[in-house]
Amino acid sequence: MALNRRSFLTFAAGGVAGTLFTPVIWKSIDDTAIWTQNWPWIPRLEYGPRAYAATTCKLCPAGCGLNIRTAGGRPVAAEGRTDHPLSQGGICPLGAAAVQLLYAPARIKGPMQKQADGTHQPISWDQAEALLKEKLAEQNGKKDAVVCVSGDENGTINELFSALLGGLGSDGCFLMPGEQIVASKILREGSIGYDLENADFVLVFGADLLDGWGTAVRNKKAYGAAHPMGEEASAEYVYVGPTQNVTGGAADQWVSIAPGMEGVLALGVAYHLLQGGMTAPQAHDFFAYRNFVINRYTPEYVERLTGVAPEQVAELARKLRSANKPLIIPGSTIAQGGGVFNFAAALSLNMLFDNVNSAGGIQVLPDLPTVVSGAKEPAQVRAKDLVAYVQGVAEGKVSKPAVCLVYEANPLFALPLPDVTAQAFDGTYLVSFSTFYDETAAQADLLLPTPTFIERFDDVQTPYGSGFASYSLTRPAIRQPIFDTKPTGDVLLAVAKALGIDLGFASFDKVLEAKVAVLSELEGFFTDKVQPWEARAGKAPAAASGNLWRTISRGAVWASITEPFPTAMQLGSTIISQTAPPDAEDWTFPVSLAAMDSRTYGSRHIAIPPFCLPLLGEQEIQGDVFYVWMNSATARSYGLQAEDRVTLTGPNGSCLAKVRIFEGVGRNMVAAPLGFGHTAWDKFSRNKGDNIYKVLTVRTEPGSNLAVWADSRVRIAKA
Amino acid sequence: MVLYLKEFKIKWGMVIDLDRCTGCGACMVACQAENNIAPPVDASNKRYSLTWLLVYQLSNKQPYPNHDVAYMPRPCLQCGKPNCVPVCPVIATDKNQEGGIVSQVNARCIGCRYCMAACPYHARYFNWHDPVWPEGMEKTLTPDVSTRPRGVVEKCLFCHHRYMAARDKARIEDRDPNALAEGDYIPACVEMCPTGAMVFGDLENPEHKVHKLSKSPYAFRLLERLNTKPQVYYYSKREWVRKQGDNYLEHETVGGV
């Protein structure tokens with residue numbers, strides 16, 4: 001039979017109809033769809049039993065409680081701990097990225113030694129410790145030949161550093177700069193806390209309360225609780241600072257002043273309070289304070305210096321007076337480099353309201369007793385001025401240290417004028433205990449990496465800014481450290497033993513156990529039933545009892561609101577008048593630099609984590625160039641437009657950036673983020689933007705001799 | 001136009017307080033970790049970065065010193081009348097499960113991106129490249145959300161796996177999985193928010209906070225005039241913020257007080 005047209009068409013139609021009835025074709029399309037998404041190089045999920053490990057974060061000094069979620073023993077996510085008074089279930093972007101940092105490419109995988117060609121080559125821990133011992137033994141007994149820079153403000157590890165250094169005859173145990181050094185000039189013992197939760201009017205001078213300052217997550221919780229959705233706010237927040245940063249943007253009112261002018265405005269407010277008849281008979285120096293303020297900080301003078309209209313200052317004073325529980329918080333916008341004048345002036349307003357050691361006021365918090373024999377008191381360590389020391393070394397006024405131990409700190413990046421710091425430590429045997437390959441590690445002669453806080457035991461004592469004394473432990477959420485790392489505490493103990501210095505402990509865990517043991521001698525409670533601010537408001541907590549180590553090592557938080565010692569109330573008239581800034585304007589560097597320190601950009605010792613990069617907006621970084629912010633009027637007066645490239649020049653260096661027009665920056669100011677411009681680390685953080693620390697200006701505050709740089713000024717020009 | 005209209009007894013939704021959001025971004029990081037989104041090396045190239053939840057900065061556009069700023073976290077708004085669903089040729093995205101969450105089945109997606117064109121909120125993202133985690137970091141993947149290859153669209157699902165887990169838990173505890181209490185099911189972003197700016201719950205359940213809050217005169221939805229009926233509400237006492245929610249013209253007034 002010949003195949004004619006008709007039978008061909010019949011056959012073809014039948015064939016098509018037939019295929020529609022067979023599942024083969026549909027099945028193969030489905031399989032193709034699945035297999036085109038099934039590439040072996042895309043990681044598969046691994047399953048396993050789920051668990052949580054309660055711990056305390058060490059990525060910044062805020063000391064938040066974290067729950068590390070694990071699956072099959074692998075940490076997978078960090079969450080805020082609802083049972084921790086410093087986080088209450090909240091978390092900051094840096095803490096949220098903590099687990100992924102375990103595997104950041106920047107991690108140092110084991111001990112290393114710098115070679116003649118400048119590269120780092122792996123060595124064993126035995127060799128590394130022997131090397132450290134040898135270097136320290138060479139300096140034994142030489143005064144201040146060994147120094148230590150610690151970025152851990154609240155850890156017991158500092159006791160080991162100061163005791164080891166003390167054993168070697170050195171006094172040089174320094175903390176990275178923070179607010180507590182200024183606070184220590186006001187209060188010689190203990191630290192200053194702020195009972196935000198019970199305040200109904202919070203006036204913040206400078207401090208970026210809701211981001212990079214103090215107990216940020218707790219502050220945010222208090223702010224959130226005071227602004228319930230769908231109801232009237234129970235507390236008003238006013239921010240006095242250069243920019244609408246996180247705090248300035250969220251506060252109920254923003255008053256813009258240049259960095260460094262906070263104290264002048266505070267005394268301007270005090271002027272109105274004093275004129276209104278407020279007294280502080282409990283302070284011995286009330287009359288001296290009153291005369292000083294009334295004579296000097298007149299509305300006209302304050303307006304000339306700060307640019308804030310007199311009515312606005314009077315309004316602030318009126319608001320303060322009408323509040324039941326006003327709280328005034330001093331600080332610097334970058335939580336470092338502020339002077340005593342601004343701090344003491346703002347703090348003095350609290351004394352006028354007599355809110356010291358009362359609910360909703362400022363608190364004097366005790367330092368927990370030291371446990372390592374030979375360790376320095378925390379107050380002594382806090383009071384040491386690292387920046388002044390580094391400047392002294394660079395200028396040749398102070399002898400160069402032979403060995404410098406750097407722990408959880410990145411001084412070659414995050415101290416003002418990093419080039420001067422590098423010069424000061426040039427020729428010093430630099431030992432880095434850093435977890436990550438940061439700028440300091442890149443220059444170090446010996447790398448002794450410590451595990452991340454998710455892999456080690458550690459502790460957090462009362463972070464600066466907290467309204468209560470507290471203690472909680474950091475515990476490993478993973479059985480074995482991922483890399484060949486060793487907790488620094490154990491390294492220090494081993495080296496001390498080899499040097500014949502008896503620190504009294506065999507391991508760092510034992511040091512922590514001893515620390516917990518001394519808590520039982522203090523008046524404290526666990527925060528499981530009563531929160532510290534509730535206790536402050538009058539709810540009586542049950543005293544902590546039983547086996548403290550067992551309870552705390554399982555995640556409990558110990559807290560205390562006991563007034564540690566009677567404090568003599570002073571308004572600080574002497575120190576305020578001695579440290580008052582001169583009136584002279586600096587026209588060489590005409591623009592005020594409002595540096596910003598946000599947890600989005602990492603912390604002082606952590607570069608922007610990979611998981612925080614998507615948070616940066618198109619107007620924060622483009623490719624490898626970052627933005628500095630100014631308002632349109634400022635930009636116009638310097639002939640600049642949005643997206644123009646500019647250079648910021650300080651006395652010792654300059655930075656390249658692009659212009660972002662942001663109207664939430666004060667007049668004649670340029671706002672610039674800290675934390676960009678890393679040169680070490682990994683591809684996620686390296687070569688992004690420029691390092692603003694380079695353009696900061698360090699000056700010595702008269703009267704306190706403190707190194708100050710929060711009020712730096714720059715020149716800006718189109719690049 | 002939507003092809004069908006299904007009404008649900010449960011509508012999971014959020015009310016986000018734009019006066020309380022400080023724009024810190026903790027929600028965004030929590031979202032990436034929870035949903036296994038790979039970290040980009042250059043996140044400044046927004047075409048290629050996947051941000052299921054994105055925090056926008058709003059400005060009242062007034063010059064200094066009258067400037068005001070607000071931050072607006074934008075998850076997938078889980079529209080009541082989603083524009084993305086009817087355009088999908090392969091039903092990879094759908095809205096037919098009780099709860100009203102708009103689904104996204106990655107394995108079904110053919111990457112045509114019609115849904116991205118249709119979504120007025122830019123809530124959908126396309127995988128131009130295969131996801132890459134730095135060596136070892138793949139160990140931090142949660143066991144809950146599959147990784148997606150290049151060529152598919154993805155978006156926020158209100159942490160749907162947490163919804164499933166909450167329903168399972170209710171069943172095990174002999175409770176009604178269709179009557180979850182407030183707090184039984186919360187997406188990662190809401191749980192982590194340090195100021196508590198995001199509230200989550202069943203919009204239809206009077207016992208849940210969102211029910212009342214979404215009816216507040218200060219509550220609004222984005223581009224309400226498009227009639228997409230999002231299940232995410234925003235809340236602000238500031239009129240300029242509410243106005244920006246719907247691209248109002250100069251002379252137009254806005255609802256609320």
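Here, every reference points to the structure presented above.
Small disclaimer: the values here were computed from a predicted structure and weren't measured.

**Student:** Describe the overall build of chain A, naming the residues involved and giving the relevant values.
**Tutor:** Looking only at helices and strands, chain A has 25 helices and 29 strands in total. In terms of overall dimensions, chain A is globule-like: its C-alpha atoms have a radius of gyration of 29 Å, near the 27 Å expected for 719 residues. Principal-axis analysis of the C-alpha atoms gives chain A an extent of 125 × 65 × 55 Å. A buried classification covers 63% of the 719 residues belonging to chain A. Put simply, chain A shows about 25900 Å² of open surface, and 53% of that area lies on carbon and sulfur atoms. Positive and negative side-chain charges of chain A, numbering 60 and 70 respectively, have mean locations separated by a distance of 5 Å.

**Student:** So, the overall build of chain B: which residues are in play, and what are the values?
**Tutor:** Helix and strand counts for chain B stand at 7 helices and 8 strands. Scaling as 2.2 N^0.38, a compact globule of 257 residues should have a C-alpha radius of gyration of about 18 Å, and chain B matches this with 18 Å. Dimensions of chain B, computed from the C-alpha atoms along their principal axes, are close to 50 × 45 × 40 Å. Looking at chain B residue by residue over its 257 residues, the buried ones come to 59%. By sequence separation, contacts in chain B at least 24 residues apart represent 65% of the contacts at least 6 residues apart. Total accessible area on chain B stands at roughly 11000 Å², and carbon and sulfur atoms take up 54% of it. For chain B, the distance from the average position of its 32 positive side-chain charges to the average position of its 28 negative side-chain charges is 4 Å.

**Student:** Could you give an account of the packing of aromatic side chains, naming the residues involved and the relevant values?
**Tutor:** In total, this model carries 29 aromatic pairs over all chains according to the counting rule given. Judged by centre distance (6.0 Å) and plane angle (75 degrees), the rings of W254 of chain A and Y64 of chain B are edge-to-face. Remark: Y64 of chain B occurs in the loop between β2 (54–59) and β3 (69–74) and W254 of chain A occurs in strand β11 (residues 253–255); the pair is interchain, linking two chains. Directly above the aromatic system of F483 of chain A lies the positively charged group of K109 of chain A, at a separation of 5.2 Å from the ring centroid. Sitting over the face of the ring of W629 of chain A, R660 of chain A holds its NZ or CZ atom 4.3 Å from the ring centroid.

**Student:** Give a description of unusual backbone geometry that names residues and reports values.
**Tutor:** Residue P65 of chain B is reached from Y64 of chain B by a cis peptide bond, and omega for that bond is 5 degrees. Turning to its location among the elements, P65 of chain B is positioned in the loop between β2 and β3. Of note in the backbone geometry, L417 of chain A takes a positive phi value of approximately 55 degrees without being a glycine. Among the secondary structure elements, L417 of chain A is positioned in the loop between α17 (411–414) and α18 (418–424). Owing to a relative accessible area of 5%, L417 of chain A belongs among the buried residues under this scheme. Of note in this structure, N687 of chain A is not a glycine but carries a positive phi near 55 degrees. Summarising the element assignment, N687 of chain A is placed in the loop between β26 (669–673) and β27 (699–700).

**Student:** Lay out the nonpolar core in plain terms, naming residues and giving numbers.
**Tutor:** Formed by 164 residues in total, the largest nonpolar core has its most connected members in L648 and I692 of chain A. In terms of residue count, the dominant contributor to this core is helix α1 (residues 26–34) of chain B (7 residues). I192, F201, V240 and V246 of chain A belong to the second-largest nonpolar core, a separate cluster that totals 83 residues.

**Student:** How would you sum up the interface of chain A and chain B? Please name residues and give values.
**Tutor:** At the interface, 73 residues of chain A touch 66 residues of chain B. When chain A packs against chain B, close to 5500 Å² is buried across both sides, 60% of that on carbon and sulfur atoms. Notably, a salt bridge pairs K237 of chain B with E232 of chain A, separated by 3.9 Å at the nearest N-O pair. Counting every contact that joins chain A to chain B gives 24 residue pairs in polar contact (both at pLDDT 80 or more). When contributions to the side of chain A that touches chain B are tallied by element, the ones reaching two or more residues are β2 (65–71), β3 (74–80), α3 (93–96), α4 (98–101), α8 (216–226), α9 (246–250) and β22 (621–622) of chain A. When its residues are assigned to classes, the side of chain A that touches chain B shows 39 nonpolar, 18 polar and 16 charged.

**Student:** Can you tell me about the sheet that holds β2 of chain A, naming the residues and giving the values?
**Tutor:** Residues and elements named next belong to chain A. The sheet built from 3 strands is open, its strands ordered β1-β2-β3 with antiparallel pairing. This sheet does not close on itself; its edge strands, each paired only once, are β1 (50–56) and β3. The average undirected angle you get between the axes of adjacent strands in this sheet is 30 degrees.

**Student:** Explain the side chain of D152 of chain A residue by residue, including any values.
**Tutor:** Residues and elements named next belong to chain A. With respect to the element layout, D152 can be found in the loop between β6 (146–150) and α6 (157–167). Among the polar contacts made by the side chain of D152, one reaches the side chain of K58 at a distance of 3.0 Å. Beyond its immediate chain neighbours, meaning those up to four positions away, D152 contacts K58, I157, N158, L175, Y407, E408 and D458.

**Student:** Break down the pairing of strand β13 (residues 362–365) of chain A for me, with residues and values.
**Tutor:** Residue and element names in this part refer to chain A. A two-sided burial pattern is seen for β13, the buried positions comprising I362 and V364 on one face and Q363 and L365 on the other. Judged from the 4 bridges that link them, strand β8 (residues 191–194) and β13 form a sheet pairing that is antiparallel. Bridge assignment links I192 to a residue of β13, and that residue is V364.

**Student:** Break down the sheet that holds strand β7 (residues 219–220) of chain B for me, with residues and values.
**Tutor:** Residue and element names in this part refer to chain B. A sheet is described by the order of its strands in space; here 4 strands give the open sequence β6-β1-β8-β7, paired in mixed fashion. Two strands close off the open sheet at either side, each with one partner strand: β6 (198–202) and β7. Sheet topology note: the β7/strand β8 (residues 232–235) ladder contains 2 bridges and is antiparallel. In the strand pairing of β8, F220 is matched with Y234.

**Student:** Any chance you could break down the packing of α6 of chain A against helix α20 (residues 488–499) of chain A for me, citing the residues and the numbers?
**Tutor:** Residue and element names in this part refer to chain A. Two elements in contact, α6 and α20, have axes whose closest approach is 10 Å; the angle formed by their N-to-C orientations is 20 degrees. Compared by their axis directions, α6 and α20 come out roughly parallel. Considering how the two elements wind past one another, α6 and α20 form a crossing that is left-handed. Between α6, through I157, L160, F161 and L164, and α20, the contact on the second element is made entirely by T488, G489, L492, L493, A496 and L499. Considering only residue class, the contact of α6 with α20 consists of 8 nonpolar, 2 polar and no charged.

**Student:** Give me the pattern of salt bridges: which residues, what numbers.
**Tutor:** Applying the stated criterion across every chain yields a total of 47 salt bridges over all chains. With a closest N to O distance of 3.2 Å, K11 of chain B and E7 of chain B form a salt bridge. Residues participating in the shared-partner salt-bridge network are R50, R69 and E79 of chain A together with E34, D144, R162 and E191 of chain B.

**Student:** Tell me about the environment of A344 of chain A, and please be specific about residues and values.
**Tutor:** Residues and elements named next belong to chain A. With respect to the element layout, A344 can be found in helix α14 (residues 340–352). Distance from A344 to L571, taken between C-alpha atoms, is 8.0 Å for residues 227 residues apart in sequence. If near-sequence neighbours (up to four positions away) are discounted, A344 is found in contact with I186, I575 and I576.

**Student:** Let's hear about the packing of helix α10 (residues 262–275) of chain A against helix α12 (residues 299–306) of chain A: which residues, and what values?
**Tutor:** All names here are of chain A. Look at α10 against α12: their axes get within 10 Å of each other, and the N-to-C directions meet at 160 degrees. Judged by the inter-axis angle, α10 sits roughly antiparallel to α12. Judged by the sense of rotation from one axis to the other, the crossing of α10 with α12 is left-handed. Of the residues in α12, those in contact with V264, L265, G268, Y271 and H272 of α10 are P299, V302, L305 and T306.

**Student:** Explain a nonpolar patch on the surface to me, using residue names and the numbers behind them.
**Tutor:** All names here are of chain A. On the surface, a nonpolar cluster with roughly 690 Å² of combined accessible area is contributed by V16, L20, F21, I25, W26 and I29. Counting only elements with at least two residues in the nonpolar patch, the list comes to α1 (5–21) and α2 (24–35). Within the element layout of this structure, L20 appears in helix α1. The exposure class assigned to L20 is exposed, which follows from its relative accessible area of 52%.

**Student:** Describe the side chain of H161 of chain B, with residues and values.
**Tutor:** By the element assignment, H161 of chain B lies in helix α4 (residues 160–172). Contact partners of H161 of chain B, with chain neighbours within four places excluded, come to E34, N35, D144 and V145 of chain B.

**Student:** Can you tell me about the environment of P39 of chain B, naming the residues and giving the values?
**Tutor:** Among the structural elements, P39 of chain B can be located in the loop between α1 and β2. A C-alpha to C-alpha distance of 6.8 Å links P39 of chain B and W133 of chain B, two positions 94 residues apart in sequence. Discounting chain neighbours no more than four positions away, the residues touching P39 of chain B are P610, F611 and F684 of chain A together with V132, W133, P134 and M137 of chain B.

**Student:** Explain the pairing of strand β14 (residues 403–407) of chain A residue by residue, including any values.
**Tutor:** Buried residues dominate β14 of chain A, accounting for 5 of its 5 residues. Where burial is concerned, the two faces of β14 of chain A agree: the one with V403, L405 and Y407 of chain A and the one with C404 and V406 of chain A are both buried.

Thresholds applied
Residues numbered from 1 in each chain as written. Chains lettered and ligands numbered in written order. Predicted model: local features only at pLDDT ≥ 70, side-chain atom pairs only at ≥ 80, totals over all residues. Heavy atoms only, no water. Helix = DSSP H or I, 4+ residues; strand = E, 2+ residues; numbered from the N terminus. Rg over C-alpha atoms; globule rule 2.2 N^0.38 Å. Buried < 20%, exposed > 50% of the residue type's maximum accessible area, 1.4 Å probe, protein only. Areas by Shrake-Rupley, 256 points an atom, 1.4 Å probe, with all protein chains shown as cover. Lys, Arg positive; Asp, Glu negative; His and termini not counted. Charge placed at Lys NZ, Arg CZ, Asp CG, Glu CD. Contact = heavy atoms within 4.5 Å. Phe/Tyr/Trp six-rings, centres within 6.5 Å; stacked < 30°, edge-to-face > 60°. Lys NZ or Arg CZ within 6 Å of the ring centre and 35° of its normal. Core = buried A, V, L, I, M, F, W, Y, C linked by side-chain atoms within 4.5 Å. Buried area = accessible area lost by both parts, 1.4 Å probe. Salt bridge = Lys/Arg side-chain N within 4 Å of Asp/Glu carboxyl O. Polar contact = N/O pair within 3.5 Å; in protein donor to acceptor, adjacent residues only side chain to side chain. Nonpolar A, V, L, I, M, F, W, Y, C, P; charged D, E, K, R; others polar. Pairing = 2+ DSSP bridges. Axes fitted to C-alpha atoms, helices over the stretch in contact; angles between N-to-C directions. Parallel < 35°, antiparallel > 145°, perpendicular 65-115°, else oblique. Left-handed = near helix turned anticlockwise from the far one by under 90°. Patch = residues over 30% accessible without salt bridge, like charges linked within 9 Å, V, L, I, M, F, W, Y side chains within 5 Å.

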